[in-house]
Amino acid sequence: MLPSFLSIASLYNGYLRRCFAAAGLSSQIINVDDETTVHFWGPEPKPRNETNPNQKPSLVLIHGFGPSAIWQWRQQVQFLAPHFNLYVPDLIFFGESTTKSKERSETFQAACVGKLLDKLEVKRFHVVGTSYGGFVAYHLAKNFGEERVEKVVIASSGVNMKKNHNVALLQRAELDKIEDLMLPSTPGHLRKLMSLSISKPPPTMVPDFFLKDFLNKLYSENRKEKMELLVGLSLGREDSPDISPLKQVGIVLYCIYLPQEVLVIWGENDQVFPVQIAKELKEVISKKARLEFIKEASHVPQIEKPGEFNNIVLNFLRSSS
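Since we're looking at a predicted model, the values are computed, not measured.

The rules we used
- Residues numbered from 1 in each chain as written.
- Predicted model: local features only at pLDDT ≥ 70, side-chain atom pairs only at ≥ 80, totals over all residues.
- Heavy atoms only, no water.
- Helix = DSSP H or I, 4+ residues; strand = E, 2+ residues; numbered from the N terminus.
- Buried < 20%, exposed > 50% of the residue type's maximum accessible area, 1.4 Å probe, protein only.
- Contact = heavy atoms within 4.5 Å.
- Areas by Shrake-Rupley, 256 points an atom, 1.4 Å probe, with all protein chains shown as cover.
- Expected span 1.5 Å × (residues − 1).
- Right-handed = clockwise from strand over helix to strand, strands pointing away.
- Pairing = 2+ DSSP bridges.

## Examining the overall build of the protein
Along the backbone of the protein there are 13 helices and 11 strands. Taking all 321 residues of the protein together, the buried fraction comes to 51%. When contacts within the protein are restricted to residue pairs at least 6 apart in sequence, those whose partners lie at least 24 apart make up 71%. Surface accessibility of the protein: about 15400 Å² in total, with carbon and sulfur atoms responsible for 53%.

What follows is the structure, given as C-alpha cells:
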C-alpha cells in the first residue's frame, strides 16, 4: 500500500474535497437516529433566525455502488450549485456513513436519506440517482410522494431489472459472482468493471500497482457490509420487476392520481444496464417520463459526458410542468 503522499487516489480525493468546498458545500455528519450516522456534503447550516427571500430549490444527488459521493458527482456539483441547494449524501457504508442496524436493502438506504432530509428540514426537493443510487431515489420518491419530491431523475439505473438481467450481466463480465464485479478486489476485476462502465476505458497497460492503489482507497473499507448490501438488494431477484409507477396526487375535491415527472437518462453504450432496460423503465415508471440517451457514453455518463448530462438534467428540473 502506498503512503498517502505517494498515493494518486489519496491526492485526487483531496482535490475532490476542494472542488466540493469551492462549490459552496461543506462536509457534515448527522445522527439521523439512534443507530445510524450519515455523512453528506451540503450548504453551510444557517442560523434559525436567518431568512433568505431568494431561496433556491433543493436537489439531492445519490451516488451509485462503488466510490463515495465525491468521486461520482464532482462535475455536477460545480455546475448545479448556482441553481440549487445541493445535498450529496454518502449512502450507508460508503464514505463516513454507517449504521448499527442489520438492515441492508435499498429501501433502508432511502429511509436513511429521508431521515437526513427531515433532520435538515428540507421540505421539498428534486432527486437524481445514478445506478444503485437510482434504486434509492426511486424508493425515496415512492415513500415521500409528490408532496415532498418534485422531480425525479433516474440515471443508468435498472430499477426494473429482472433476474435474467443479472445473469446476462455476469455473462458479459465473464465472472461467476456479482461481488467480483461490483466490489473488485484485484486489478483484473477492476479492469473488467471499467470495461463495462466506461465507453473508452483506460489502456490495458496501466500498471497493477496503480490500480491496487485505487482498489485500496475506494473498495477496501466496509467490504463485508457492502457484500451484505448486494445480498440485500430486493430488485433483480424475480422474473418480473416489482416496481409501480411514481404518482402524484392532484389537488382537487376528488383523489386523482397523476404520473410524477421523471427523467430517465442513459449512456447509449451502457453494458451494465443495456439501453433496452431504459426503454422498458420509461414505460413502467411514469406516463410522463422522458427518456434521453447520451452518445459515446456507457454506465457513468455524468463522468464521461458531464456537459451534456448536466444540461439535460438542468433543463428538465427547471422546465415547467
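## Let's talk about helix α4 (residues 106–119)
For an α-helix, the turn length of 3.6 residues means that residues three or four places apart are oriented alike. Here α4 contains 14 residues, and its C-alpha end-to-end distance of 20 Å stays within 8% of the 20 Å for a straight helix at 1.5 Å per residue. E121 sits one or two residues past α4 and shows a positive phi near 60 degrees.

## A closer look at the pairing of strand β7 (residues 149–155)
Where burial is concerned, most of β7 is hidden: 6 out of the 7 residues are buried. Note that the unit made of strand β6 (residues 125–130), helix α5 (residues 132–144) and β7 has a crossover that is right-handed. As paired elements, β7 and strand β10 (residues 262–267) share 4 bridges and run parallel to each other. In the strand pairing of β10, I154 is matched with V264.

The values are spatial; any link to function lies outside them.
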